[in-house]
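# Topology and contacts: notes
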Amino acid sequence: VQLQASGGGLVQAGGSLRLSCVVSGRTFSRYALGWFRQAAGKEREIVTAIGRRSSDTYHADSAKGRFTVSRDNDKKTVYLQMNSLEPEDTAVYYCAAREVIMTHTPTTPYEYTHWGQGTQVTVSS
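The following paragraphs examine the structure supplied in this document. Computed from a predicted model, the values in this text were never measured in an experiment. (Residues numbered from 1 in each chain as written. Predicted model: local features only at pLDDT ≥ 70, side-chain atom pairs only at ≥ 80, totals over all residues. Heavy atoms only, no water.)

### Digging into the sheet that holds strand E7 (residues 67-72)
The condition is simple: Pairing between strands is defined by DSSP: at least two bridges between the two strands are required. Labels follow the DSSP assignment, with helices taken as runs of H or I lasting at least four residues and strands as runs of E lasting at least two, numbered in each case from the N terminus. Angular values range over 0 to 180 degrees, each being the angle between N-to-C directions of two axes fitted as lines to C-alpha atoms, with helices fitted over their stretch in contact.
The four strands are arranged E1-E3-E8-E7 in an open sheet whose pairing can be described as antiparallel. Two strands bound the open sheet, and with one partner strand each, they are strand E1 (3-6) and E7. Taking the axes of each pair of neighbouring strands and ignoring which way they run, one obtains an average angle of 15° across the sheet. As paired strands, E7 and strand E8 (residues 77-82) are joined by six bridges and run antiparallel to one another. Its bridge partner being in E8, Phe-67 is matched across the sheet by Met-82.

### Things to note about the nonpolar core
Heads up, the rule is: The nonpolar core is taken to be a set of buried Ala, Val, Leu, Ile, Met, Phe, Trp, Tyr and Cys residues, with the residues joined through side-chain atoms within 4.5 Å. The buried label goes to any residue with under 20% of its type's maximum accessible area, the exposed label to any with over 50%, and the partly exposed label to all in between, with areas taken from a 1.4 Å probe on protein chains only.
Formed by 26 residues in total, the largest nonpolar core has its most connected members in Leu-33, Trp-35, Phe-67, Leu-80, Met-82 and Tyr-93. Judged by nonpolar contacts, the second largest core, of five residues, contains Ile-46, Ala-49, Ala-96 and Tyr-112.

### Examining the environment of Val-78
The criterion, for reference: What makes two residues a contact is simply this: any of their non-hydrogen atoms within 4.5 Å.
Turning to its location among the elements, Val-78 is positioned in strand E8. Note on Val-78: relative accessible area 0%, which makes it buried. Between the C-alpha atoms of Val-78 and Gly-34, which are 44 residues apart in sequence, the distance is 8.6 Å. Ignoring sequence-local partners within four residues, the contact set of Val-78 consists of Leu-19, Ser-20, Cys-21, Phe-28, Leu-33, Trp-35, Ile-50, Val-69, Ser-70 and Arg-71.

### Regarding the pattern of salt bridges
This is how the line gets drawn: What makes a salt bridge here is a side-chain nitrogen of Lys or Arg within 4 Å of a carboxyl oxygen of Asp or Glu, nothing more.
Following the criterion strictly, the structure yields six salt bridges and no others. For Glu-99, the salt bridge identified is with Arg-30, shortest N-O distance 3.7 Å. With a gap of 69 residues between them, Glu-99 in strand E9 (residues 91-99) and Arg-30 in the loop between strand E3 (17-23) and strand E4 (31-38) connect regions that are remote in the sequence. Since its relative accessible area comes to 41%, Glu-99 is described here as partly exposed. Residue Arg-30 is classed as partly exposed on the basis of its relative accessible area, which comes to 41%. We note a salt bridge from Asp-56 to Arg-53, for which the minimum N-O separation is 2.9 Å. In this structure Asp-56 comes out as buried when scored by relative accessible area, which is 17%. Taking the relative accessible area as the measure of exposure, Arg-53 reaches 38% and is therefore partly exposed. Linked through salt bridges whose partners overlap, the residues forming this network are Arg-37, Glu-45, Arg-66 and Asp-89.

### Section: the packing of aromatic side chains
Note the threshold: Two rings from Phe, Tyr or Trp (for Trp, the six-membered ring) form a pair when their centres sit within 6.5 Å of each other. Planes less than 30 degrees apart are called stacked, planes more than 60 degrees apart edge-to-face, and all others tilted.
For the structure shown, the criterion picks out three aromatic pairs. Ring centres 5.4 Å apart and planes at 80° place the aromatic pair Phe-36 and Tyr-112 in the edge-to-face group. Of this pair, Phe-36 sits in strand E4 while Tyr-112 is found in the loop between E9 and strand E10 (114-115), placing the two residues 76 residues apart along the sequence. Neither Phe-36 nor Tyr-112 differs from the other in exposure class; each is buried. Taking 5.0 Å as the distance between ring centres and 50° as the angle between the ring planes, the aromatic pair formed by Phe-36 and Trp-115 counts as tilted. Residue Phe-36 is found in strand E4, and its partner Trp-115 is found in strand E10; the two are separated by 79 residues along the sequence. Residue Phe-36 is classed as buried on the basis of its relative accessible area of 0%.

Right, here's the structure in full:
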């Protein structure tokens, strides 16, 4: 399984970006998917996650009201729509995947088995 994240870049505060992560493999619909970020000198942290059902989502407090996660099983892609970006959102963003039972949505890095390479998001003030 390989994950390819894209969509990062430089944006001004208050702007928006949409990250995408394409997942290879034949069992995408069985995966829970997460978006994590890691700022310089800090630990990797959860941003948002989505379970096998699109209605099963988790958002970190920092993401609530600004970020939205979604998935397209036909395209084997998970998205992270980020609005109202702040300089504090500057980080490398990683997508992650794990095959799960129907109702489980992992929210810690240790629960995920497959990771993308990361995409840089920089928010200028």
